[in-house]
Amino acid sequence: MDSATEALSKLGVSGDFASSLPALQKNFHLLSPEQIELAKILVDLGQTHLFEHWPEPGVDDDGKKALFEQVVLLNSSYPGGLASYVKTARQLLADSKTGKNPFDGFTPSVPTGENLTFGNETFIKFEEAGVREAQNAAFVLVAGGLGERLGYNGIKVALPVETTTGICFLQHYIECILALQDASCKMAQGQCQREIPFAIMTSDDTHVRTLELLESNSYFGMEPSQVKLLKQEKVACLKDNDARLALDPVNKYRIQTKPHGHGDVHSLLYSSGLLNQWHDVGVRWVLFFQDTNGLLFKAIPASLGVSATKQYHVNSLAVPRKAKEAIGGITRLTHADGRSMVINVEYNQLDPLLRATGHPDGDVNCETGYSPFPGNINQLILELGPYIEELQKTGGAIKEFVNPKYKDASKTSFKSSTRLECMMQDYPKTLPPTARVGFTVMDTWLAYAPVKNNPEDAAKVPKGNPYHSATSGEMAIYRANSLILKKVGVQVDDPVKQVFNGQEVEVWPRITWKPKWGLTFSDVNDKVKGSCSVSLGSTMAIKGCNILIEDLSLDGTIVVEAADEAEVKVGGLVKNKGWILEKVDYKDTSVAEEIRIRGFRIQKLEQLEKQYVEHGKFELKV
């Protein structure tokens, strides 16, 4: 027995295994025992093409080592390792090739949930319950993406929510959580058990920049100990229906990888031990949200109140959806064998599924003018105890899918490599029928204005459909705040329609406030008194928690900032030239990206601006 074979024997590598792969055998001395075990697994999985091109020892040794370092990472970051990944991939690819229907045997029906109307007695009751329960909550932001799809080269959470104040999405989210934390503590008469934890799922693309954004801004007022960053790893790409791993076209010592999807958040939370840490300190609810919906936290208090009141294990936030609208529907699926689950069904699957199960008209509007299947907006509230129990069974693995792009109808080869993907909202697929899974429907104008399309794509959206762009996302903030003020009795001028970057949007007065000023409907109602009016061209920015608006007539711009210890009453007639919107061309590279993707910038002509930094009571009356 030669020395190389003897060494391999000590590592448990049989002569048959080694001799079948001469290129790999000659280079075994470069690998650790763990890597040799993984090499055996790869060979058993039919992945010998990964090493067949390896040259003699001494040539490209660093590349060979790097390949197996990557293999170790890919194996450790996927529940069940690469063996499980390839096995699952082969089954899903076989199903895809034969056109297997994932819903075969299932019958759809409308699940149980709560439909809320903003500002009525029921809504207010749920908001109060949600604020009370917030001290028992933790938040998880799924923020693994860059803004390239938007025409922005930074991370999406660094984009301004709106340009009146310029605060970014991450600052807005943190200020909302802190406002909930303070309000919940006050409701508990100061008997707070903990700060609200906040986890952020990042990726290779966003991790460093997210950390830099937090650190350079002192975590936007949150304690660094409250924030935990969890980095998502990518998964291996697949080159064919046999699930052979694809090598990078420009580096033969690297496996090509792509994102696995936001469903990885569940396995990351589980493997990090964070869920058990939260459970040990009394956290009961985990709220998941995505990175560019500036309206979401207007819906969070009432939705959390629904979860606490109804004792939902899973609560999906939803909005009304028109039949066949391009947004998934929350649906109960019941199998012929008795299995049942409440999940999101994509719009292009829901209509044919209904037609195939005794509903000849498919997805149609009911008497409300909307589909009975609520529109999923991918924001979830999970009860932590049952969530941990489920993840102990699954390790956080979510039911996956594969979407290969075939070269032709034979479905024997791909146009480009594919990979397995998973979605956060598919978590309920593994739950038992006894799980309490429901939904909470909010008005779209209050809860849903994602920013995910660049101006060119948004301008091509069919008339009447949402743009989901930076332009529409910002205008949705002003619309929501204007409608809320109208609800509490403020006379707000009706909007006009204008076109920016090829998108016709409603332009309302530019009204913004800090979350701690108007966290709930009741907060706004308590802080606005008397006869108040706001003209269409006006701008109002409220930056403080104890600013009272009373008998204010605004025709221009007012910006009021106050420390928490200062109470300021604002009223009278405020009239000035104000701030105006000036159109900009999306293709004008002399304008900052975050501005030109909106199609407008704010020209500040004249404003009344006051700041109160001292403790005491003040009055601003013009």
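Shown above is the structure to which this text applies.
For every chain, the first residue of the written sequence is number 1, and numbering continues from 1 onward in sequence order. Note on the predicted model: pLDDT of at least 70 is required for a residue's local features to be given, and 80 or more for side-chain atom pairs to be given and counted; whole-chain, interface and lining totals, by contrast, use all residues. Each side-chain value is derived from all of the structure's non-hydrogen atoms; neither hydrogens nor water enter the calculation.

Chemist: In this structure, what is going on with the sheet that holds strand S30 (residues 608–612)? I would like to understand it.
Modeler: Across a sheet, paired strands are connected by hydrogen bonds in the backbone, their directions being either parallel or antiparallel. The sheet built from four strands is open, its strands ordered S21-S24-S26-S30 with parallel pairing. Here the strands that pair on one side only, and so sit at the sheet edges, are strand S21 (510–513) and S30. Along the sheet, successive strands turn relative to each other by an average axial angle of 5°, direction set aside. Contacts are residue-level and defined by heavy atoms, with any inter-residue pair within 4.5 Å sufficient. Helix axes are fitted to C-alpha atoms over the stretch in contact, other axes to C-alpha atoms as well, and angles between N-to-C directions run from 0 to 180 degrees. Put simply, DSSP H or I for four residues or longer makes a helix, DSSP E for two residues or longer makes a strand, and each gets a number counted from the N terminus. Docked against the sheet, helix H17 (residues 470–487) engages S21 and strand S24 (539–543), running at close to 80° with respect to S21. When DSSP finds two or more bridges between a pair of strands, those strands are recorded as paired.

Chemist: Is there a simple way to think about unusual backbone geometry in this case?
Modeler: One can expect most non-glycine residues to show negative phi and most peptide bonds to be in trans. You will see that alanine 243, though not glycine, has its phi angle at about 60°, which is positive. Relative to the helices and strands, alanine 243 resides in the loop between strand S6 (235–236) and strand S7 (247–248).

Chemist: In this structure, what is going on with the pairing of strand S14 (residues 375–383)? I would like to understand it.
Modeler: Along any regular strand the residues' side chains alternate between the sheet's two faces. A 1.4 Å probe rolled over the protein chains alone gives each residue an accessible area, and that area as a share of the maximum for its type sets the label: buried under 20%, exposed over 50%, partly exposed in between. Of all nine residues making up S14, nine are buried, and the element is well covered by its neighbours. Here S14 shows a buried face lined by Gly375, Ile377, Gln379, Ile381 and Glu383 and a second buried face lined by Asn376, Asn378, Leu380 and Leu382. Pairing between strand S10 (residues 285–290) and S14: four bridges, direction antiparallel. Looking at the pairing, phenylalanine 288 lines up with leucine 380 of S14.

Chemist: Please explain the packing of helix H7 (residues 121–133) against helix H8 (residues 169–187) as it appears in this structure.
Modeler: When two helices pack together, their arrangement is captured by the angle between the axes and the distance separating the axes. For the pair H7 and H8, the least separation of the axes is 7 Å and the interaxial angle reads 95°. By the angle between their axes, H7 is roughly perpendicular relative to H8. Judged by residue contacts, Glu128, Val131 and Arg132 of H7 engage Leu180, Ala183, Ser184 and Met187 from H8. Side-chain classes are defined by residue name, with Ala, Val, Leu, Ile, Met, Phe, Trp, Tyr, Cys and Pro counting as nonpolar, Asp, Glu, Lys and Arg as charged, and the others, Gly among them, as polar. Among the residues forming the contact of H7 with H8, the class breakdown is four nonpolar, one polar and two charged. For this classification, under 35 degrees means roughly parallel, over 145 means roughly antiparallel, 65 to 115 means roughly perpendicular, and everything else is oblique.

Chemist: I tried to follow the packing of H8 against helix H12 (residues 296–310) on my own but got confused; where do I start?
Modeler: The contact between H8 and H12 brings their axes to 10 Å, and the two run at 30°. When the interaxial angle is binned, H8 and H12 end up roughly parallel. Helix-helix and strand crossings are classified by hand; for H8 and H12 the assignment is right-handed. Taken together, the residues of H12 that come into contact with H8 (itself represented by Tyr173, Cys176, Ile177 and Leu180) are Phe297, Ile300 and Pro301. Residue composition of the contact of H8 with H12, by class: seven nonpolar, no polar and no charged. Left-handed is the label given to a crossing in which the near helix is rotated counterclockwise from the far helix by less than a right angle, and right-handed is the label when the rotation is clockwise.

Chemist: It is not clear to me how the pattern of salt bridges should be interpreted in this structure. Could you clarify?
Modeler: Between side chains of opposite charge, a pair can form when the charged atoms approach closely. Any Lys or Arg side-chain nitrogen located within 4 Å of an Asp or Glu carboxyl oxygen qualifies as a salt bridge. Following the criterion strictly, the structure yields 26 salt bridges and no others. Across the pair aspartate 204 and lysine 231 runs a salt bridge, and its minimum N-O distance is 2.6 Å. Of the two residues, aspartate 204 sits in the loop between strand S4 (198–202) and helix H9 (207–216) while lysine 231 sits in strand S5 (residues 227–231), which places them 27 residues apart along the sequence. You can call lysine 231 partly exposed: its relative accessible area is 28%.

Chemist: What am I meant to see in the nonpolar core here?
Modeler: Across soluble globular proteins, nonpolar side chains show a tendency to be buried alongside one another. The definition of a nonpolar core used throughout is a set of buried Ala, Val, Leu, Ile, Met, Phe, Trp, Tyr and Cys residues joined through side-chain atoms within 4.5 Å. The biggest cluster of nonpolar side chains holds 113 residues, and the ones touching the most others in it are Phe139, Leu170, Phe198, Phe297 and Leu485. The element best represented in this core is H8, accounting for nine residues. Those residues within four positions of phenylalanine 297 in sequence are excluded, and the remaining contacts are Phe139, Tyr173, Cys176, Ile177, Leu180 and Phe289. Ranked by size, the runner-up nonpolar core spans 38 residues in total, among them Leu21, Ala39, Val402 and Phe414.

Chemist: Can you help me understand H17 in this one?
Modeler: Every α-helix winds through 3.6 residues per turn, so residues three or four apart in the chain are directed the same way. The length a helix should cover is 1.5 Å for every residue beyond the first. With 18 residues, H17 should reach 26 Å at 1.5 Å per residue; the first-to-last C-alpha distance of 26 Å fits that figure. Pairs of N or O atoms are called polar contacts if they sit within 3.5 Å, as long as, within protein, a hydrogen donor faces a hydrogen acceptor (for residues adjacent in sequence, only side-chain-to-side-chain pairs). A distance of 3.3 Å separates the backbone nitrogen of threonine 471 from a side-chain oxygen at the start of H17, and that oxygen is part of serine 469. Directly after H17, the chain includes glycine 489, whose backbone phi takes a positive value near 105°.

Chemist: Whenever I open this one, the pairing of S4 confuses me. Can you help?
Modeler: S4 sits mainly inside the fold: five of its five residues count as buried. Burial of the side chains of S4 extends over both faces: Phe198, Ile200 and Thr202 are buried on one face and Ala199 and Met201 on the other. When strand S3 (residues 137–142) meets S4, the two strands line up parallel, connected through four bridges. Each bridged residue has a counterpart across the sheet, and for valine 140 the counterpart in S4 is alanine 199. Pairing geometry for S4 and S5, over five bridges, is parallel. Pairing of methionine 201 across the sheet is with leucine 230, part of S5. Crossovers are described as right-handed under a simple rule: with the strands pointing away from the observer, the path leading from the first strand over the helix to the second runs clockwise. In this fold, S4 hands off to H9, which returns the chain to S5; that crossover is right-handed.

Chemist: What is the right way to look at the state of the cysteines in this model?
Modeler: Disulfide: a pair of cysteine sulfur atoms within 2.5 Å of each other. Taken as a whole, this structure holds zero disulfides when the rule is applied. With no disulfide of its own, cysteine 168 lies 12 Å from the sulfur of cysteine 176, the closest cysteine sulfur. The buried category is assigned to cysteine 168, whose relative accessible area is 8%. Free of any disulfide, cysteine 532 has its nearest cysteine sulfur in cysteine 545, 19 Å distant.

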